[in-house]
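Here is how the chains run, residue by residue.
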Amino acid sequence: MFKIKNKIIRDTVLLALMQIFLDSASILLNGFITRQLGAAAVGMFSLMGSFLGLVSIISSGNAFLCMSRLAAEESGRVEGNPNRVLFHGIKLCTLLSVAVSVLVIFFSETVAVRFFGEKSAETVISAIRLMPAALVSGALSACFKGYFNACRKATVAAIGDILEFIIKSTVVVLMTLLIKNVSVYQIMIFSVISGNIFSLLFMLILFARHKNKDSGKKSAGTLNFRQYICLAFPIMGGGLLTSILSSTNDALVPFCLRQSGDSTEQAFALFGIFEAIVIPALFFPSVILCSLSGIVVTEAARASASDNTEKIKSMTAKLIQYTLIYAVISAVLLILFGNRIGTALGGGKEAGRMISAIAPVVPFIYLEIILEALIKGLGLQAFSSLNYLAEYIIRISAVLILVPHFGFTGIVISYYASNIFGNTSRLVKLLKFTEISISDFPWLSWLKFEKTVNINQKSNNKIV
């Protein structure tokens, strides 16, 4: 047990360092695109990324999360065989990605006009028709990353992400500097295809060298392909719902900003600053939590599969406690230095004002990272989907109603309302599910003890 705990700590530290590199490099890349192509280009880049993320979730069946949870549960069973689960995942991903690729090509014109706007339709269509290469390779790569994560080799998946990002960034820089008359959408899709293919080859090599040979010899496993599909579809549905709602929200923001009086270019520029500078700045301190979340999913799934309620209870209480402490400290620093951060990252005073305005809700945003990892690991997928639905209904409603009248202030209000509601619901659900009481939180127990001591002292004084 002590060895496992040390490995979790070591993996979390390594993953956090890797994520810091990725986030820092991403911010630098966004700055490069802003300087070379303009802030509006970053907005277009973000919108294409949002659409590609939505289609990727469908084509991969949310493979990383499915594999992380189901392979981890399988490894927690006596007769389990994670390798067999991996092959089920690959089979499902192949079927889904091929089917989705056909639909993407067939409806490319409709998507280009409806999602991106008529003015950029031709350049978007050419980019969309190249997506199948990115979808198939990305889906298979996600399967292997989830498998390594489930086998407590999370650093392998993280190294794959870093190499993938390096390839993507290199392609973006080279195409931007060397090729003229190329659209932002084409630059992005070529970079994604290159990164996904390289990542898949890297994962295949590592799997061939480091696969768990013993698991294949011990047992045929507890899941057949049909059972895997039955378990994977609810997880996939939750990821799909979240991605659809997120993409809808992203598409509505530039549209609603135009209604508030901004031109198309101004709307995309503001959206670009928000997506490329404000959001990365707000989430940058959360690298530790993001790194830990993947490990939390697998550990919670193992504990759930073995009915280890005490481990679930203890893990949940500690994670909530330390996440809140860390998030509050991060929020205070972002409020105090938000203006300087925004200016330093190239977004000017506007970006700094945005960072400082949204920073107070950061504790709720960071809490979501860990709470969702626990919820998914414990198999509470139905609650997660319903909660995300309610959360995004609030956010999208606020965007539609408030942004046309108040501009960016409406976006801030939408973030406050949706995050406070959604994460309060997650917290209440987990506390009830795990049956955690105040005594399970050391810091709250200390407050309770102090209160009891003060009451006793007052009683003694009265007696004297």
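Let us look at the structure shown here. Note that the coordinates shown come from a computational prediction; the quantities given were computed from them, not determined experimentally.

Rules behind the numbers
Residues numbered from 1 in each chain as written. Predicted model: local features only at pLDDT ≥ 70, side-chain atom pairs only at ≥ 80, totals over all residues. Heavy atoms only, no water. Helix = DSSP H or I, 4+ residues; strand = E, 2+ residues; numbered from the N terminus. Contact = heavy atoms within 4.5 Å. Patch = residues over 30% accessible without salt bridge, like charges linked within 9 Å, V, L, I, M, F, W, Y side chains within 5 Å. Areas by Shrake-Rupley, 256 points an atom, 1.4 Å probe, with all protein chains shown as cover. Salt bridge = Lys/Arg side-chain N within 4 Å of Asp/Glu carboxyl O. Buried < 20%, exposed > 50% of the residue type's maximum accessible area, 1.4 Å probe, protein only.

**What to know about the environment of Gly-410**
In this fold, Gly-410 is placed in helix α18 (residues 408-434). Counting along the chain gives 157 residues from Gly-410 to Val-253, while the straight-line C-alpha distance between them is 9.9 Å. The contact partners of Gly-410, leaving out residues within four places of it in the chain, are Leu-402 and Val-403.

**Things to note about a nonpolar patch on the surface**
Judged by side-chain polarity, Tyr-322, Ile-325, Val-328, Ile-329, Val-332, Leu-333, Leu-336 and Phe-337 come together as a nonpolar surface patch covering roughly 760 Å² of accessible area. By the element assignment, Ile-325 lies in helix α14 (residues 309-344).

**Quick look at the pattern of salt bridges**
Applying the stated rule across the entire model yields 11 salt bridges. Between Glu-391 and Arg-426 there is a salt bridge whose closest N-O contact spans 2.9 Å. Here Arg-426 lies in helix α18 and Glu-391 lies in helix α17 (residues 381-406), a separation of 35 residues in the sequence. No difference in accessibility class separates Glu-391 from Arg-426, as the two residues are buried.

**Overview of the side chain of Thr-298**
Within the element layout of this structure, Thr-298 appears in helix α13 (residues 287-305). A relative accessible area of 1% means that Thr-298 is categorised as buried. Here Thr-298 is in contact with Ser-68, Ala-72, Asn-149 and Ala-150, once residues within four sequence places are set aside.

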